[in-house]
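Each chain, letter by letter, is given below.
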Amino acid sequence: MKTKKKKNLEKQNIGYLLVAPSFLIYLLFIMIPVVWSVAMSFTDYNLVEANFVGFKNYINLFQDDLFVKGFMNTLRYSAMTIVPTMALGLGLAMLLNKKLKGKGLYRTWFYLPNIFSMVAISMAWIYLYDTRAGILNMALRKFGIGPVQWVSSPGMAMISIAIMSIWIGVGYNMVLNLAGLQSIPEYLYEAASIDGAHGWQKFIYITIPMLAPTTFFIFVMACIRSFQVFGQVLIVTNGGPVNSTTTLAHQIYLNGFEYYKMGYASSQAVVLLVVILTITLVNMRYGKGGETDAN
Amino acid sequence: MQTNTINQEKKNKERTKKNKLGKKRKEQFQLILTYIILTAWVVVVLIPVIFVILTAFKTDQEISLINFRWLPKSFTNIEAFRQAMQMGNWSRYFANSLFVTTIVVGGSLLFNSIGGFAFARLKFKGRDILFVMILTGLMISPQSVIIPQYMIMRMVPLVGGNNILGQGGTGLLDTYWSLIVPFMAGSFGVFLCKQFYSTFPRSLDDAAKIDGCGPIKTYVYIYVPLSKTILATLTIFKTVATWNDFFYPLIFTTSEKMKTVQLGLQMFKGSAATHYNWLMAATLISVIPTIIVYIFAQKYFVQGVVSSGMKN
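None of these values were measured; they are calculated from a predicted model.

S.K.: Sorry if this is basic, but what is going on with the overall build of chain B here?
M.R.: A count of helical and extended segments in chain B gives 15 helices and zero strands. Relative to its full complement of 312 residues, chain B shows a buried share of 48%. When contacts within chain B are restricted to residue pairs at least 6 apart in sequence, those whose partners lie at least 24 apart make up 68%. When the accessible area of chain B is evaluated, it comes to approximately 16000 Å², of which 66% is carbon and sulfur surface.

S.K.: Hey, could you run me through the overall build of chain A in this one?
M.R.: When helices and strands are tallied, chain A shows 13 helices and zero strands. Listing the helices and strands of chain A from first to last along the sequence gives α-α-α-α-α-α-α-α-α-α-α-α-α. Its C-alpha atoms give chain A a radius of gyration of 24 Å, more than 25% over the compact-globule value 19 Å for 295 residues. Along the first, second and third principal axes, the C-alpha set of chain A runs to 85 × 70 × 30 Å. Counting over 295 residues, chain A shows a buried share of 53%. Taking as baseline every contact in chain A between residues at least 6 positions apart, the subset at least 24 positions apart corresponds to 68%. Of the roughly 14000 Å² of accessible surface on chain A, a fraction of 67% belongs to carbon and sulfur atoms. Across chain A, the centroid of the 22 positively charged side chains sits 9 Å from that of the 12 negatively charged ones.

S.K.: Help me understand the packing of aromatic side chains in this model?
M.R.: Aromatic ring pairs: the centre-centre distance and the angle between the two ring planes describe each pair. In this structure the tally under the stated criterion is 44 aromatic pairs over all chains. Here the aromatic rings of F247(B) and Y248(B) are separated by 5.6 Å at their centres, their planes lie at 75°, and the arrangement is edge-to-face. We classify F247(B) as buried; its relative accessible area is 10%. For Y248(B), a relative accessible area of 9% gives the class buried. Among the aromatic residues, ring-to-ring pairing joins F230(A), Y253(A), F257(A), Y150(B), F183(B), F247(B), Y248(B) and F252(B) into one connected group. One Lys or Arg, R225(A), reaches over the ring of Y172(A) and ends 4.4 Å from the middle of that ring. Over the ring of F131(B) we find K194(B), and its NZ or CZ is 4.6 Å from the ring centre.

S.K.: How should I be thinking about the UniProt feature "transmembrane region" (unreviewed entry) in chain B in this particular structure?
M.R.: Residue and element names in this part refer to chain B. With numbering matched to this structure, UniProt assigns "transmembrane region" (unreviewed entry) to residues 32-57, 93-117, 129-152, 175-193 and 276-297. The straight-line gap between the two end C-alpha atoms of residues 129-152 is 25 Å; of that span, 79% is helix and 0% is strand. End C-alpha atoms of residues 276-297 are separated by 31 Å, and the span's content is 100% helix alongside 0% strand.

S.K.: Teacher, can you tell me more about the nonpolar core here?
M.R.: What tends to happen in soluble globular proteins is that the nonpolar side chains get buried as a cluster. Within the largest apolar cluster, 140 residues are counted, with the highest numbers of intra-cluster contacts made by F110(A), Y150(B) and F252(B). If one sorts the elements of this core by residue count, helix 7 (residues 154-182) of chain A sits on top with 13 residues. Those residues in contact with Y150(B), other than ones at most four positions away along the chain, are L47(A), F257(A), M262(A), L173(B), I251(B) and F252(B). Membership of the second largest hydrophobic core comes to 33 residues, among which are A120(B), F124(B), I140(B) and F196(B).

S.K.: Can you walk me through the environment of K202(A) in this structure?
M.R.: Residues and elements named next belong to chain A. As for its placement among the helices and strands, K202 is situated in helix 9 (residues 199-227). Sequence spacing of K202 and G171 is 31 residues, and the spatial spacing of their C-alpha atoms is 24 Å. Dropping the residues within four chain positions of it, K202 is found in contact with Y189, A192, S193, A197 and T207. A distance of 3.0 Å separates a polar atom in the side chain of K202 from a polar atom in the side chain of S193.

S.K.: Just to check I follow, could you spell out the environment of M80(A) for this structure?
M.R.: Relative to the helices and strands, M80(A) is located in helix 3 (residues 65-96). In the structure, M80(A) is positioned twelve residues away from L92(A) in sequence and 19 Å away in space, judged by C-alpha atoms.

S.K.: Any chance you could explain the side chain of D64(A) here in plain terms?
M.R.: Residue and element names in this part refer to chain A. Looking at the element boundaries, D64 is found in the loop between helix 2 (56-61) and helix 3. Within polar-contact distance, the side chain of D64 engages the side chain of Y264 at 2.6 Å. In this structure D64 touches Y264 and Q268, once residues within four positions along its chain are discounted.

S.K.: Would you mind going over unusual backbone geometry with me for this structure?
M.R.: With glycine set apart, most residues show a phi of negative sign, and most peptide bonds adopt trans. Following G240(A), the chain continues into P241(A) via a peptide bond in cis, with omega recorded as -15°. One can find P241(A) in the loop between helix 10 (231-237) and helix 11 (248-258). Of note, L158(B) is a non-glycine position whose phi angle comes to about 65°, a positive value. Take L158(B): its relative accessible area is 58%, and that puts it in the exposed class.

S.K.: How should the interface of chain B and chain A be read in this particular structure?
M.R.: Many descriptions give the size of an interface as the accessible area lost when the pieces come together. Chain B puts 90 residues into the contact, and the matching count from chain A is 90 residues. Summing both partners gives a buried area of about 8600 Å² for chain B against chain A, and 79% of it is carried by carbon and sulfur. At the junction of chain B with chain A, the criterion picks out zero salt bridges. For the interface between chain B and chain A, the tally reads 17 residue pairs in polar contact (both at pLDDT 80 or more). The element that contributes the greatest number of residues to the side of chain B that touches chain A is helix 1 (residues 2-56) of chain B, accounting for 18 residues. Along the lines of polarity and charge, the residues of the side of chain B that touches chain A split into 64 nonpolar, 20 polar and six charged.

S.K.: Just checking my understanding: could you explain the confidence of the model for chain A for this structure?
M.R.: The predicted coordinates should not be examined in detail at positions where pLDDT is low. On average, residues of chain A score 89 in pLDDT, and 93% of them reach the 70 mark or higher. Low pLDDT, under 50, characterises residues 1-5 of chain A; the predicted model gives this stretch zero contacts beyond four residues in sequence or across chains.

S.K.: Would you explain the side chain of N96(B) in this entry?
M.R.: Considering the arrangement of structural elements, one finds N96(B) in helix 4 (residues 90-121). A polar contact of 2.8 Å, which involves the side chain of N96(B), links it to the backbone oxygen of K257(B).

S.K.: Help me understand a nonpolar patch on the surface in this model?
M.R.: A surface patch of nonpolar side chains, amounting to about 490 Å² of accessible area, comprises F29(B), I32(B), L33(B), I36(B) and I37(B). Take I36(B): it is sitting in helix 1.

Here is what the cut-offs are and how they apply
- Per chain, residue numbering runs from 1 following the sequence as it is written.
- Labels follow written order: the first chain is A, the first ligand is 1, and so on.
- Under the rules for a predicted model, residues below a pLDDT of 70 receive no local features and side-chain atom pairs below 80 are neither given nor counted, while totals for whole chains, interfaces and linings still include all residues.
- Only hydrogens and water are set aside when side-chain values are computed; all heavy atoms of the structure are taken into account.
- Counting from the N terminus, the helices are DSSP H or I runs at least four residues long and the strands are E runs at least two residues long.
- Each residue's exposure class comes from its accessible area (1.4 Å probe, protein chains only) as a fraction of the maximum for that residue type: buried when under 20%, exposed when over 50%, partly exposed otherwise.
- We call two residues contacting when some pair of their heavy atoms lies within 4.5 Å.
- We get accessible surface area from the Shrake-Rupley algorithm with a probe of 1.4 Å; when it comes to residues, only the shown protein chains can shield them.
- Two things to know: the radius of gyration comes from C-alpha atoms, and the globule rule equals 2.2 Å times the number of residues to the power 0.38.
- When charges are counted, Lys and Arg contribute as positive and Asp and Glu as negative, whereas His and the chain ends are disregarded.
- Every charge is mapped onto a representative atom, which is NZ of Lys, CZ of Arg, CG of Asp or CD of Glu.
- Working definition: a ring pair exists when centres of Phe, Tyr or Trp rings (six-membered ring for Trp) sit within 6.5 Å. Plane angles under 30 degrees give stacked, over 60 give edge-to-face, the rest tilted.
- The criterion is that NZ of a Lys, or CZ of an Arg, lies within 6 Å of the ring centre and within 35 degrees of the ring normal, and then a charge sits over that ring.
- UniProt positions are given in the numbering used here, feature names are shortened, and annotations may be inferred rather than shown by experiment.
- Side-chain atoms within 4.5 Å are what join buried Ala, Val, Leu, Ile, Met, Phe, Trp, Tyr and Cys residues into a set we call a nonpolar core.
- Two N or O atoms form a polar contact when they lie within 3.5 Å of each other; inside protein one atom must be a possible hydrogen donor and the other a possible acceptor, and for residues adjacent in sequence the pair counts only when both atoms belong to side chains.
- In this description, buried area is defined as the sum, over both parts, of the accessible area (probe of 1.4 Å) that is lost when the two are combined.
- Here a salt bridge means any side-chain nitrogen of Lys or Arg lying within 4 Å of a carboxyl oxygen belonging to Asp or Glu.
- By the convention adopted, Pro, Cys, Tyr, Trp, Phe, Met, Ile, Leu, Val and Ala count as nonpolar, Lys, Arg, Asp and Glu as charged, and the other residues, Gly among them, as polar.
- Each residue carries a pLDDT score, the predictor's confidence in it, ranging from 0 to 100.
- Note that patches include only residues with greater than 30% relative accessible area and no salt bridge, and the join distances are 9 Å for like charges and 5 Å for nonpolar side chains (Val, Leu, Ile, Met, Phe, Trp, Tyr).

Dropping the structure here:
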C-alpha cells in the first residue's frame, strides 16, 4: 500500500515535469500577456511612463477616424475574401473528389501558395500589380484596358490585397473541404441513386448537409484569419493610399511600434482579442459537429 | 410467364445500353470539363510563380517595358541573383533564419511531444485543467498579445543592459533568444501530439510497465519510435511557420546582424521598381528551403493540414 502510493506520487511529478516547458511558455507568452494587455489598455503607457487613464483609450477609439477606418477596412477585406475563397475551395474540392488521374499533383499545386512566406508572396504580387511593368496591366493592355492602378489608387488597393489573399486561401480551403468530402460515406450517394436522385439533388440533399460542419469550421477560421490580416497590408501598401487598406492589426502595429502609444495600441489589441474570442466561442457553441465529423 | 420476363429483361437491357451510351458521353464531357477547370486554377496559381522565376533570370534591360519578352534570353544569367545577394548581408540573414528555424523546430518537437505524451498517458492532479488552459492559447491571436510579449522580452533582468529589476536596457530583444524561446512549444503542437498519443492502446503502457519501464522510458522506447507521422507533420508545420515568420522578427529585432531572410527580403521593396529582377531573384532564393521541405514531405503536409485543421 505504501509503495503504491509512493509510485503514484512519483508518476505525478514526472507528469508535471513533462508538461512544464509547454505550460511555462504558454503562461509567459500567452496568459500573462493577455492579462497585461487588458491592464495596459487602461493606461497611457508610452515605453517611458504609465498613468492610469480609465476608459479614456476606449472612448478615444470610437472617435479615432483611423481606428474606425481600420475596423471597417477589416470588415471590407473579410467580405471580399471569405465568400470567394470558400466557394472556390469547395468547387475545386468537389471536382478533385472524383476519380481522376493526377489527383495528387493537382492537390499539391493548389496548396503551394500556402508554403510561401507572406513577404515572398507580397514581393511577387507587387511586381504583378506594377502599373507599368506588371503582367496584369500588360495583359489588360492587350485588350485595350487600363492601366489599372492596382495598389496605388484608394478604390482598388483593398481589392488588390483581397485578390492576393484569395490566391493563397483557396488551396487551404480546398484541402479541408476534400477531407470533409471524403468523410461522407459512399452509401448515402448509392442510396440516393437508387431512389433516382441525380447530381444536383445529391449535392443539395447529401453533400451540403453532410459537409456543413466542415463549412462552418472553414468559415470560422476564415473570419479569424481575416481579422488578423497584417503582413500583406504592411508590405504591399503599408495601409495606403490614404489609409484605404489600413486594418485593425495594422493600426495596432503602427500605434504600438511606430508611435510607441503602447497603452492606446493595447486597447485596440483588446478589441481584436474580444472579436476573435467571440468568433471562437460561437464556433465552440454551434460548431461541435466539426469535431465528431472529422473523427 | 417466363418468356414475358425474358422479353422484359431484353427490353431493359437495350434501354440501359442506350442510356449507358448517352451517360458515357456525358460523363466524358464532364471529366474533360473537370480537367479544364482544375488546370485553369493550376495556371492561376502558377503564373505568379513562373513569373518570379522568369524575371529572376532577366537583365535590367530585359525587364524594361520596351524590350519586354516573356522568356529571359538565357537561364544561365545569374547576374540578378549576384546583385541581389550583394544588397545586404544575405549570408548572415540565411544563417540567422537557419539557426533559429533549426532550434525552434528541434525544441518544439521535444517539448510538444513530451507534453502531449504526459497529457494523453499520465495521470496527475490538475492535468485536465492545465490542458484546457493551454488549449485556450489557440484562440489568442499574435497581434493582440504582441505588445506585452515585447515588454516581457525587454524586461528580462540582468541581460541586454538591464538591471535586476529589468530596467534600463533592451533585455532579450534583438537576440536569438527572443526569436526562439516563445516558439519552442505551443498550444497547437501539444494538442496535436496529445490527440495522436490518445489513440494508442492502453495495453501498450501496461506492457511497458510489466517490463519495468517508467514513464520516461516508455516515452523514449515505445512512443517516440511510433511517432514518425506526427513528428514529421509537426516538423513541416513548424519549419514553414518559423522560416516564413515576418511579424515577430520585425518587432523583436532591430539590428542588421539579427535580420532574418524575411526581413532582408522586405528591405528590397524600396529599390524594387527599378530592379524587379533582383527582387524576384531574392524572393526565389528565400522560398527554396520551404520548397525543399514541401517536396520531401508533401504527403505528410497535406495529411497534417487535414487532421490538424479538422480537429482544431
